[in-house]
Amino acid sequence: MTCYEILQIIVDIFFGATSLFVAIVSIIIAIKALKQSNQMLEEEARPYIVVYGFVANFGAPRYTIAIKNFGKSAAIIEEFTPSIDLKQIAVDKEEKRTPFGNIVGTLMAPNFSIVRDVDWKGNPNIINFNVKYSFCGKKYEENFSIKYDIELNDPHGKDKSLDPMKNISYTLQEHVKRNI
């Protein structure tokens with residue numbers, strides 16, 4: 001074998017190894033990009049179940065707890081665990097109905113919310129909620145804390161009135177306030 005042939009073999013091996021290395025790196029980059037793209041699509045399309053509280057005022061303030069799906073896909077509530085027994089803050093204690101007592105198994109469509117008025121006077125001041133839900137076989141878990149006195153200094157006070165026109169006015173004001 002001549003020196004030229006040996007050099008040609010070395011160059012061919014070098015360029016072949018380089019091509020193989022570039023091809024492997026390209027495949028790895030493509031796989032990582034596809035995984036990241038898939039994760040971004042999932043994050044964009046997944047459900048986001050949120051538990052929050054607010055004061056609704058239709059003439060007389062009332063504390064309200066809501067569960068809403070802010071995501072773009074439906075979710076099934078698998079578990080709903082508050083840090084207290086919600087019977088103690090139920091509005092209709094004599095009927096023995098618990099707020100969100102039968103929410104497990106509920107399908108929450110996008111932008112769907114379940115709202116319950118509660119008779120919560122701030123004891124305890126914070127209620128924690130653990131919510132587990134699923135979508136297309138994927139399971140999600142969220143934890144929320146609702147603080148009672150967060151809205152006590154709401155500057156949008158209204159007079160308590162039995163006048164139906166004032167109550168309609170209060171309701172419309174509350175609707176505008178919540179949807180701005």
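Along each chain, the written sequence defines residue order, and numbers are assigned to residues from 1. Thresholds applied to this predicted model are a pLDDT of at least 70 for local features of residues and 80 or more for the giving and counting of side-chain atom pairs; totals over whole chains, interfaces and linings are not thresholded and use all residues. Processing note: side-chain calculations cover all non-hydrogen atoms of the structure and skip hydrogens and water entirely.

*Asks:* I'm lost on the overall build of the protein in this one. Help?
*Replies:* Helix numbers and strand numbers start at the N terminus; a helix is a DSSP run of H or I with at least 4 residues, a strand a run of E with at least 2. Tallying secondary structure elements over the protein gives two helices and seven strands in all. Moving toward the C terminus, one meets the helices and strands of the protein in the order α-β-β-β-β-β-β-β-α. Exposure categories follow from relative accessible area, calculated using a 1.4 Å probe and restricted to protein chains: below 20% of the type maximum is buried, above 50% is exposed, and the middle band is partly exposed. The 180 residues of the protein split such that 27% are buried. Taking all contacts inside the protein whose residues are at least 6 apart in sequence as the whole, residues at least 24 apart take part in 66%. Values of accessible area rely on a 1.4 Å probe in the Shrake-Rupley scheme; residue burial ignores everything except the protein chains shown. Surface exposure of the protein reaches about 12,300 Å², of which carbon and sulfur atoms provide 61%. The contact rule is simple, with two residues in contact once any of their heavy atoms fall within 4.5 Å.

*Asks:* Is there a simple way to think about the packing of aromatic side chains in this case?
*Replies:* Describing an aromatic ring pair means giving the distance of the ring centres and the angle of the ring planes. Any two rings among Phe, Tyr and Trp, with Trp reduced to its six-membered ring, count as a pair given centres within 6.5 Å; such a pair is stacked if its planes are under 30 degrees apart, edge-to-face if over 60, and tilted if neither. Going through the model one piece at a time under the given rule, you end up with nine aromatic pairs. Where Tyr63 meets Tyr148, the ring centres are 5.5 Å apart and the plane angle is 35°; that geometry is what we call tilted. Here Tyr63, found in strand 2 (residues 61-69), pairs with Tyr148, found in the loop between strand 7 (138-147) and helix 2 (164-178); they are 85 residues apart in sequence, far enough to count as distant. Considered together, Tyr63 and Tyr148 belong to a single accessibility category, that of buried residues. Among the aromatic residues, those joined into a cluster by ring pairs are Tyr52, Phe54 and Phe70. Taking NZ or CZ as reference, Arg46 lies 4.1 Å from the ring centre of Tyr48, over its face. Whether a charge sits over a ring depends on NZ of Lys or CZ of Arg being within 6 Å of the ring centre and within 35 degrees of the ring normal.

*Asks:* Is there a simple way to explain the side chain of Asn130 in this structure?
*Replies:* Locating Asn130 in the fold gives a position in strand 6 (residues 126-135). Residue class for Asn130 comes out buried when judged on its relative accessible area of 15%. Pairing of N or O atoms within 3.5 Å defines a polar contact, subject to two protein rules: one partner must be a possible hydrogen donor and the other a possible acceptor, and residues neighboring in sequence count only if both atoms are side-chain atoms. A polar contact is formed between the side chain of Asn130 and the side chain of Asn143, at a distance of 2.6 Å. Excluding residues that lie within four positions of it along the chain, Asn130 makes contacts with Glu79, Phe80, Thr81, Glu141, Glu142 and Asn143.

*Asks:* So what exactly am I meant to see when it comes to the nonpolar core here?
*Replies:* Nonpolar side chains in soluble globular proteins tend to end up buried together. In this text, buried Ala, Val, Leu, Ile, Met, Phe, Trp, Tyr and Cys residues form a nonpolar core when linked through side-chain atoms within 4.5 Å. Grouped together as the largest cluster of nonpolar side chains are 26 residues, with contacts concentrated most on Val51, Ile65 and Phe80. Going through the elements one at a time, strand 1 (49-57), strand 2, strand 3 (75-82), strand 5 (113-118), strand 6 and strand 7 are the ones with two or more residues in this core. For this core, the leading source of residues is strand 6, giving four residues. Among residues more than four places away in sequence, those in contact with Ile65 are Val51, Tyr52, Gly53, Ile89, Phe100, Ile114, Val115, Arg116, Val118, Phe129 and Ile146.

*Asks:* I would appreciate a short explanation of the pattern of salt bridges in the present structure.
*Replies:* Any two side chains of opposite charge can pair, so long as their charged atoms come close to each other. Counted as salt bridges are all cases of a side-chain nitrogen of Lys or Arg within 4 Å of a carboxyl oxygen of Asp or Glu. According to the stated counting rule, one finds four salt bridges in the structure shown. Residue Glu142 is joined to Arg46 by a salt bridge in which the shortest nitrogen-to-oxygen separation is 3.1 Å. Pair noted here: Glu142 is in strand 7 and Arg46 is in the loop between helix 1 (3-45) and strand 1, with a separation of 96 residues, a long-range link. Accessibility expressed as a relative area gives 7% for Arg46, which makes it buried.

*Asks:* Help me understand a nonpolar patch on the surface, please; the structure alone is not making it clear to me.
*Replies:* Here the term patch refers to residues with relative accessible area over 30% and no salt bridge, with like charges joined within 9 Å and nonpolar side chains (Val, Leu, Ile, Met, Phe, Trp, Tyr) within 5 Å. A contiguous nonpolar patch, built from Met1, Ile6, Ile9, Ile10 and Ile13 and spanning about 540 Å² of accessible area, is present on the exposed surface. As for its position among the elements, Ile9 is in helix 1.

*Asks:* What's the story with the sheet that holds strand 3 in this structure? I'm lost.
*Replies:* Paired through their backbone hydrogen bonds, the strands of a sheet run either parallel or antiparallel. Any two strands between which DSSP finds at least two bridges are classified as paired. If you trace the four strands from one edge of the open sheet to the other, you get 4-3-6-7, paired in antiparallel fashion. Each edge of the open sheet is held by one strand with a lone partner, namely strand 4 (107-108) and strand 7. Relative to strand 6, strand 3 runs antiparallel, the two sharing six bridges. From the neighbouring strand, Phe80 faces strand 6, where its bridge partner is Val131.

*Asks:* How should the confidence of the model for the protein be read in this particular structure?
*Replies:* As a general rule, the predicted coordinates of low-pLDDT regions are not to be interpreted in detail. Mean pLDDT over the protein works out to 84, with 88% of the residues at or above the 70 mark. How sure the predictor is of each residue is captured by pLDDT, a score from 0 to 100. Summarising per-element confidence for the protein, the mean pLDDT is lowest in helix 2 (73) and highest in strand 3 (97).

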